[in-house]
Amino acid sequence: MIISLLNIAVPYIVFHTAKTAVSTGINYFSRARRMSSTLQRQLSHLFVFWKWKRRADVCLFPAAGFFCGKAWSTSVEPDPTEFHKRKLFLWFSHLPQEEKQFGGFFSPETMHVDPLILERKPEERAGLLGSTLKNQDSSGPSITVEQLFEISEDQPEDRGLNVLLYGAVGTGKSTVVRKLVLDWCAGTMLTDFKLLIPFSCEDLGELTKVASLRDLVSRKYLHLKKNPLLNGEGNQAKDVLFLFNGMEKMKLDFRIGSTELCSDPNEPLPAGAVVVNLLRKYLLPEASVLVTTRLSALDRIPPKYVSRYAQICGFKDPNRQRAYFTSRLLQQSGETVQAHNAQALIELLYLNLQRESQLAAACFLPSYCWLTCATLHFLHFTDAMAPIRTLTGIYTSFLRLNFGGEVLGKTTGASGPTQDLHSSLMLYVVRTVGKLAYEGVTYKRTSFSEQELEQWIGGKTKTDEELRQLAVFRTDVLDFFLAPCVESCKHLPTELCEHDERRYVFAVPAMQEYLAALYVVLGENKSALEKLTKQVSVAIGQATEDVSAVVNIFSKFIPLRIFAVFNLVKLFPKLYEKISTQNKGNIARTMAAELFRKEDSYNEDVLDQVEQSLLGVHGPPSQQQSEVQPFELYPIFMGGLLHYGNRVLLQQLGCSIQSATVAQITRALRKYLVREINKPQPPEELMDLLVLLYEFQNPRLTAEVLASIRTIRLHNIHMTSLKCFVLSSVLSCAPPSYQLEELDLSSCLLTRDMLQILSPAFRHTRNLNLQFNSLGPDSCIFLRDLLLDSKSCVRALQLCDNPLLDSGACVLLEALPQNLTLRHLTLMHTGLGDQGALELAERLQQHTGLQELNVAYNNIGDNAALALVDVCREHPSIHTVHLYLNPLSDVGKQSLYVRGIAKSQSSSGRRVRVLAAVTEGSDLSDDWHPILSVIRENASSWDRERVKQQLKRIAAVVMVGTAGLHDEAIERSFEELFEWIHNGILASTKKKQINNNKPRNQRKKTMDEEEIKTSLRI
């Protein structure tokens, strides 16, 4: 019975323990020490017994190259070293949550790219601690971590090496450590060391109890408690390598008077004293030590205790950057088609890096390479099956990966460790760099001088502790956010360009807008009145009960006027609450105002701007490019930061956004957004609004805003899978009864896969415009299913200029017998041909609701056209059929007009309006104006000769009939048409394109159908 229970319980216990360890990495060790040693020992024995009991083949991590064998006998104890390797492999191969959101297509082993590591001399480190924002010399051959532990001739044989590996934030120290541990577990690196023991200095710095070296090891690695390599006897410790990651998070004091000498690995000491004695070589002198740290902590270890210095310089050359992008994007793309798209992205990205752009200057930090890949993956590989992620979430995760849980001002006083009020490193970043970003966004500036940096970042420091914090911040963090400007004087006023001084910009342009948004949302831009009222409100609030008690006691003895003063004091917190609420309303008003700025109305939509900032702008620059740098991500980031998921991450960074604040901003934002969207907005601005609602991830707010939207026109927007997903997600927040009058997605480069993503949005649409999208026959399967969907409410479907062909049309028309909603169907210029027209005629007899049918420009001959009109004539509801620009004979056209009158008496003489040509013999057709309107709209994409032929017919008829016309308005109405014919279709098309690039108030107006009717006095 006991054995049976063990067969069930022990595997679960072992799996659950390993899973817990994997989910926490090195930080698991800090929780493991809280478990009693007795329970750990029992679990270890149960694990050994279970491995003996099952007597089965066990393959130990074949991906890492481990040995495969069998556990045959109880007399064979598991090798502690191999068990230690398995444990480390599990912990260090775990991917953080920020990586899992991209689908987990890769692993640390397959996508790792070694950063540039240079060996430094002790005297070379002096320049690293000087003024910030200086480029460090990265010349010299690159070395590996393994080469750092090669014994030199002057190194004593009985002494291990102390290697100090340092680098700035984001250069890849943690990634190098992870790869080093995994390679040692796989037996491919540092094979001279039998034992590798990693420690997190952050965990060691939190220990309050004294412990010996062996206790520290056994707390985190129980299986190494009795390891003979750590007993200090002989020279066995030469096979041991200690790894201390993140020394800047731990206080080390090498003064003899502060840290006593110790050579006994069993003597209890503070954790810092143990590390100091290991580095002094008093404790296990034969052991080697690898320490990683940031630049600010470089001098905490005296040079006499360091055998070698090595600096991680990140990705200094574009080839390393390209290798990183290739390993990331190709593995994340998955399918073959996506892999092809990923390869194209890599080529564009590499071209941008070769231009020595600002992105190339930022991507020398592997962290920014990660951000670039994450953003591109978000922009190009988002689909309906992918997990929900936002651009704001990517930037928040990016900061959490680099600064998660860090504090800036941890000092040691007489009573032990204390923290000042501004201990959160990220909050310090917001109050300094975020303020600089906010000022730049406010005054439309992207670059700053050294004097301005000094003013905004270090201008108000007073105490020694503040100066110390500033020095650490400038050394470790400032270079991470700001970089020397590559393109000098760009987006700068002329007076600023005249001064020949070095200027600095944010490493990634979007980071400036993110930090500015965070600065505002956290309320750091409070007015002086609000700051004063908050301080008074807090002081009064703490004494509210005492004030109330005193007032109640003395109210019977003091005069009424004096009593009123006490009431005013009690009302002060309410005054602060009112001022605070007004400030939240200002934030919402700022979001709406920045989102719908008139000067940004004709810029690219915000997602295209993000892509261009990464891939560059290829081809000739736009003639209408704004001279002022747009900051359209700024309001979108403000909305995204209010999302609950981002607020949780920011809470871990020490930046708290209260739920009450979010509720106040949301209420005010809804009012301002509804006010703006009731005004006519260009497609790019509507796309930005959809992105804002998507980033906000607030279904209630989205539904309330959509209640005021009845038309969404996104024509000429370059739709991607992400934009389709955004549109679909936003419309999915609407109630089932919500209906859009029109969704215009014409000329949006849609594909079949995008249609699938947009499926939820189409169910809310009455008039669906999918013209000019190059949708092929395979897309008709989806469109057929859409029309057959009982939840669909599509009444008008426009598919003009999509190569559906007769095969695709046949599939689409299968939906007509069962569809009950469709009233208008446009299949103009879709390649129907005679076969498609005959199939349509047959299907129309089974659909009784259609009212208007457009099959113009489809290469339909006389017989097929006559058959189609005959069916439409007897149809109970069709009143208009478009057949112009088809190769119809004059006799066929005349027959079509005649057959437009119904034969049966049940039709009550109803006439079907047949639009077959712009002319009838030598006269203009009565329906020439709607035909001409359609021709003018589509001339740029249609066959030039066929369009020109139709226009010449109109011109010929007009010239013949002008003798009998005396109204000068007719001549003026056709003046533009004559000019069009004279100059040719291409010239007119180019003129139209130039006209569209101009601001709306400068565009030349063209006559629409109503103006033509008025001028001709029809």
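Everything numeric here is computed off the predicted structure, so don't read it as measured data.

Visitor: An account of the overall build of the chain is requested, with residue identities and associated values reported.
Guide: Within the chain, the regular secondary structure consists of 43 helices and 23 strands. Relative to its 1018 residues, the chain shows a buried fraction of 51%. Pairs at least 24 residues apart make up 79% of the contacts formed inside the chain by residues separated by at least 6 positions.

Visitor: Please provide a residue-by-residue account of the pattern of salt bridges, values included.
Guide: If you walk through the whole model with that rule in mind, you get 27 salt bridges. Of the charged contacts, one joins Glu 248 and Arg 294 as a salt bridge, the two residues approaching to 3.7 Å between their closest N and O atoms. Placement of the pair is Glu 248 in the loop between strand 6 (240-245) and helix 10 (271-280) and Arg 294 in the loop between strand 7 (288-293) and strand 8 (308-312), with a sequence separation of 46 residues. Note on Glu 248: relative accessible area 16%, which makes it buried. With relative accessibility at 8%, the residue Arg 294 sits in the buried group. The salt bridge partner of Glu 452 is Arg 445, with a shortest N-O separation of 2.8 Å. No difference in accessibility class separates Glu 452 from Arg 445, as the two residues are buried. Connected through shared salt-bridge partners, Lys 194, Lys 238 and Asp 239 make up one network.

Visitor: Can you tell me about the sheet that holds strand 8, naming the residues and giving the values?
Guide: Strand pairing in a sheet relies on backbone hydrogen bonds, with the paired strands running either antiparallel or parallel. One open sheet holds the six strands; their spatial order is 3-8-4-7-6-5, and the pairing between them is mixed. This sheet does not close on itself; its edge strands, each paired only once, are strand 3 (117-120) and strand 5 (195-200). Geometrically, the sheet is characterised by an average inter-axis angle of 20° between neighbouring strands, direction not taken into account. Of the pairings in the sheet, the one linking strand 6 to strand 7 comprises four bridges and is parallel in character. Bridge pairing links Leu 241 to Ser 288 in strand 7.

Visitor: Outline a nonpolar patch on the surface, supporting the account with residue identities and numerical values.
Guide: A surface patch of nonpolar side chains, about 290 Å² in accessible area, is lined by Ile 256, Leu 261 and Tyr 282. For Ile 256, the location among the structural elements is in the loop between strand 6 and helix 10.

Visitor: Account for the sheet that holds strand 11 (residues 447-449), with residues named and values stated.
Guide: The three strands lie next to each other as 11-13-12, forming an open sheet whose pairing is antiparallel. Strands with a single pairing partner mark the edges of an open sheet, and in this sheet they are strand 11 and strand 12 (482-484). Averaged over all adjacent pairs, the angle separating strand axes in this sheet is 40°, with direction ignored. Across three bridges, the pairing between strand 12 and strand 13 (residues 503-506) is antiparallel. For Leu 482, the partnering residue across the bridge sits in strand 13 and is Phe 506.

Visitor: Residue-level account of the nonpolar core, with values.
Guide: Of all hydrophobic cores here, the largest spans 182 residues; its most connected members are Phe 481, Met 511, Leu 750 and Leu 770. With 11 residues, helix 16 (residues 425-442) is the largest single contributor of residues to this core. The contact partners of Leu 750, leaving out residues within four places of it in the chain, are Met 719, Cys 724, Leu 745, Leu 755, Leu 758, Leu 770, Asn 773 and Leu 775. Core analysis: the second largest hydrophobic core is formed by 73 residues, Ile 143, Leu 148, Phe 193 and Leu 295 among them.

Visitor: Give a detailed account of the side chain of Lys 723, specifying residues and quantitative values.
Guide: The residue Lys 723 is located in helix 31 (residues 721-732) in this model. Engagement of the side chain of Lys 723 in a polar contact is seen with the side chain of Asp 608, the distance being 2.9 Å. At 2.8 Å, the side chain of Lys 723 forms a polar contact with the backbone oxygen of His 718. Beyond its immediate sequence surroundings of up to four residues, Lys 723 is in contact with Asp 605, Leu 607, Asp 608, Met 687, Ile 717 and His 718.

Visitor: Residue-level account of the packing of helix 29 (residues 683-696) against helix 31, with values.
Guide: Interaxial distance between helix 29 and helix 31 falls to 9 Å at its minimum, and their mutual angle equals 65°. In terms of orientation, helix 29 and helix 31 fall into the roughly perpendicular class. In this structure, the crossing between helix 29 and helix 31 has a hand that is left-handed. Counting all contacts with helix 29, which are made through Met 687, Leu 690, Val 691, Leu 693 and Tyr 694, the residues of helix 31 involved are Lys 723, Phe 725, Val 726, Leu 727, Ser 729 and Val 730.

Visitor: How would you sum up the packing of aromatic side chains? Please name residues and give values.
Guide: Two aromatic rings are characterised by how far apart their centres lie and by the angle between their planes. Taken as a whole and judged by the stated rule, the model has 23 aromatic pairs. One Lys or Arg, Lys 85, reaches over the ring of Trp 184 and ends 5.0 Å from the middle of that ring.

Visitor: Give a detailed account of the packing of helix 26 (residues 633-641) against helix 29, specifying residues and quantitative values.
Guide: Remark: helix 26 packs on helix 29, axes separated minimally by 7 Å, with the N-to-C direction vectors making an angle of 25°. Comparing the axis directions of helix 26 and helix 29 gives the class roughly parallel. When you trace helix 26 past helix 29, the crossing you get is right-handed. For the pair helix 26 and helix 29, contact is made by Pro 635, Ile 636, Gly 639 and Gly 640 and by Asp 688, Val 691, Leu 692, Glu 695 and Phe 696, respectively. Taken together, the residues of the contact of helix 26 with helix 29 break down into five nonpolar, two polar and two charged.

Visitor: Give me the lowdown on helix 27 (residues 644-652), citing residues and values where you can.
Guide: Every α-helical turn comprises 3.6 residues, leaving residues that sit three or four positions apart pointing alike. Among the residues making up helix 27, those that are buried are Asn 646, Arg 647, Leu 649 and Leu 650. For helix 27, the arc enclosing every buried residue in end-on projection is 160°, short of the 170-degree limit, so these residues lie on one face. One or two residues past the end of helix 27 sits Gly 654, with phi positive at roughly 90°.

Visitor: Mind laying out the environment of Arg 710, listing which residues take part and the relevant values?
Guide: Counting through the fold element by element, Arg 710 comes out in the loop between helix 30 (699-706) and strand 14 (711-713). For the pair Arg 710 and Glu 741, spaced 31 residues apart in the sequence, the C-alpha separation amounts to 5.4 Å. Other than its neighbours up to four places away in sequence, Arg 710 contacts Tyr 738, Gln 739, Leu 740, Glu 741 and Glu 742.

Visitor: Provide a residue-level description of helix 14 (residues 366-380), including the pertinent values.
Guide: With 15 residues, helix 14 should cover 21 Å at 1.5 Å per step; its first-to-last C-alpha distance of 21 Å lies within 8% of that length. When you tally the buried positions in helix 14, you get 14 out of 15 residues, the bulk of the element.

Visitor: Requested: an account of the confidence of the model for the chain, with residues and values cited.
Guide: Summarising the model, the chain shows a mean pLDDT of 76, and 68% of its residues fall at 70 or more. Low confidence marks residues 410-422, where pLDDT is under 50. Its contacts with residues over four positions away, or in another chain, come to 17 contacts.

Visitor: Which residues make up unusual backbone geometry, and what values go with them?
Guide: Unlike most non-glycine residues, Gln 697 shows phi in positive territory, near 55°. Positive phi is not limited to glycine here, since Asp 801 has a value of about 60°.

Visitor: Lay out the pairing of strand 15 (residues 740-744) with the relevant residues and their values.
Guide: Counting buried residues along strand 15, four of its five residues qualify, which places the element largely inside the surrounding structure. Note: strand 14 against strand 15, three bridges, orientation parallel. Directly across from Thr 711, in strand 15, lies its bridge partner Glu 742. Read from strand 14 through helix 31 to strand 15, the crossover connection turns out right-handed. Sheet topology note: the strand 15/strand 16 (residues 765-769) ladder contains four bridges and is parallel. Within strand 16, the position partnered with Asp 744 by the bridge is Asn 769.

Visitor: Requested: an account of the pairing of strand 8, with residues and values cited.
Guide: Strand 8 sits mainly inside the fold: five of its five residues count as buried. Burial along strand 8 is two-sided: Arg 308, Ala 310 and Ile 312 and Tyr 309 and Gln 311, pointing in opposite directions, are all buried. As paired strands, strand 3 and strand 8 are joined by four bridges and run antiparallel to one another. Note on strand 8: the bridge partner recorded for Arg 120 is Tyr 309. Pairing geometry for strand 4 (residues 162-166) and strand 8, over four bridges, is parallel.

Visitor: Outline the environment of Thr 81, listing residues and values.
Guide: Inspection of the secondary structure puts Thr 81 in helix 4 (residues 80-92). Overall, Thr 81 belongs to the buried group, its relative accessible area being 17%. Each C-alpha atom of the pair Thr 81 and Leu 195 lies 6.9 Å from the other, and the pair is 114 residues apart in sequence.

Visitor: Tell me about the side chain of Thr 702, and name the residues and values.
Guide: Summarising the element assignment, Thr 702 is placed in helix 30. Apart from the residues within four sequence positions on either side, Thr 702 is in contact with Leu 693, Val 730 and Cys 733.

Conventions and cut-offs
- Each chain has its residues counted from 1, following the order in which its sequence is written.
- For a predicted model such as this one, the threshold for reporting local features is a pLDDT of at least 70, and the threshold for listing and counting side-chain atom pairs is 80 or more; totals across whole chains, interfaces and linings nevertheless cover every residue.
- Excluding hydrogens and water, the side-chain values take into account all heavy atoms of the structure.
- Numbering of helices and strands runs from the N terminus, with a helix taken as a DSSP run of H or I at least four residues long and a strand as a DSSP run of E at least two residues long.
- Residue exposure (1.4 Å probe, protein chains only): buried if accessible area is under 20% of the type maximum, exposed if over 50%, otherwise partly exposed.
- We call two residues in contact when some of their heavy atoms are within 4.5 Å.
- What makes a salt bridge here is a side-chain nitrogen of Lys or Arg within 4 Å of a carboxyl oxygen of Asp or Glu, nothing more.
- Strands pair, by our definition, only if DSSP identifies at least two bridges between them.
- For every element, the axis is a line fit to its C-alpha atoms; helices are fit only across the contacting stretch, and the angle between N-to-C directions ranges from 0 to 180 degrees.
- Residues enter patches when their relative accessible area tops 30% and they take part in no salt bridge; the joining distance is 9 Å for like charges and 5 Å for the nonpolar side chains Val, Leu, Ile, Met, Phe, Trp and Tyr.
- Shrake-Rupley sampling with a 1.4 Å probe provides the accessible areas, and residues are treated as covered by the protein chains on show and by no other component.
- Definition of nonpolar core: a set of buried residues of the types Ala, Val, Leu, Ile, Met, Phe, Trp, Tyr and Cys, connected through side-chain atoms within 4.5 Å.
- Any pair of N or O atoms that falls within 3.5 Å is considered a polar contact. Within protein, one atom must be able to donate a hydrogen and the other to accept it, and sequence-neighbouring residues count only if both atoms are side-chain atoms.
- Here roughly perpendicular refers to angles of 65 to 115 degrees, roughly parallel to angles under 35, roughly antiparallel to angles over 145, and oblique to all remaining angles.
- Take the far helix as the reference: if the near one is turned anticlockwise from it by less than a right angle, the crossing is left-handed, and if turned clockwise, right-handed.
- Working definition: rings of Phe, Tyr and Trp (its six-membered ring) pair if their centres are within 6.5 Å, and the pair is stacked with planes under 30 degrees apart, edge-to-face with planes over 60 apart, and tilted otherwise.
- By the criterion adopted, a ring carries a charge over it if an Arg CZ or a Lys NZ lies within 6 Å of its centre and within 35 degrees of its normal.
- Residue polarity follows a fixed list, in which Ala, Val, Leu, Ile, Met, Phe, Trp, Tyr, Cys and Pro are nonpolar, Asp, Glu, Lys and Arg are charged, and the others, Gly among them, are polar.
- Regarding the arc, it is the one traced by the directions from the helix axis to the C-beta atoms.
- Each residue after the first adds 1.5 Å to the expected span of a helix.
- The pLDDT value tells you how sure the predictor is about a given residue, anywhere from 0 up to 100.
- Call a crossover right-handed when, viewed with both strands pointing away from you, the route from the first strand across the helix to the second goes clockwise.

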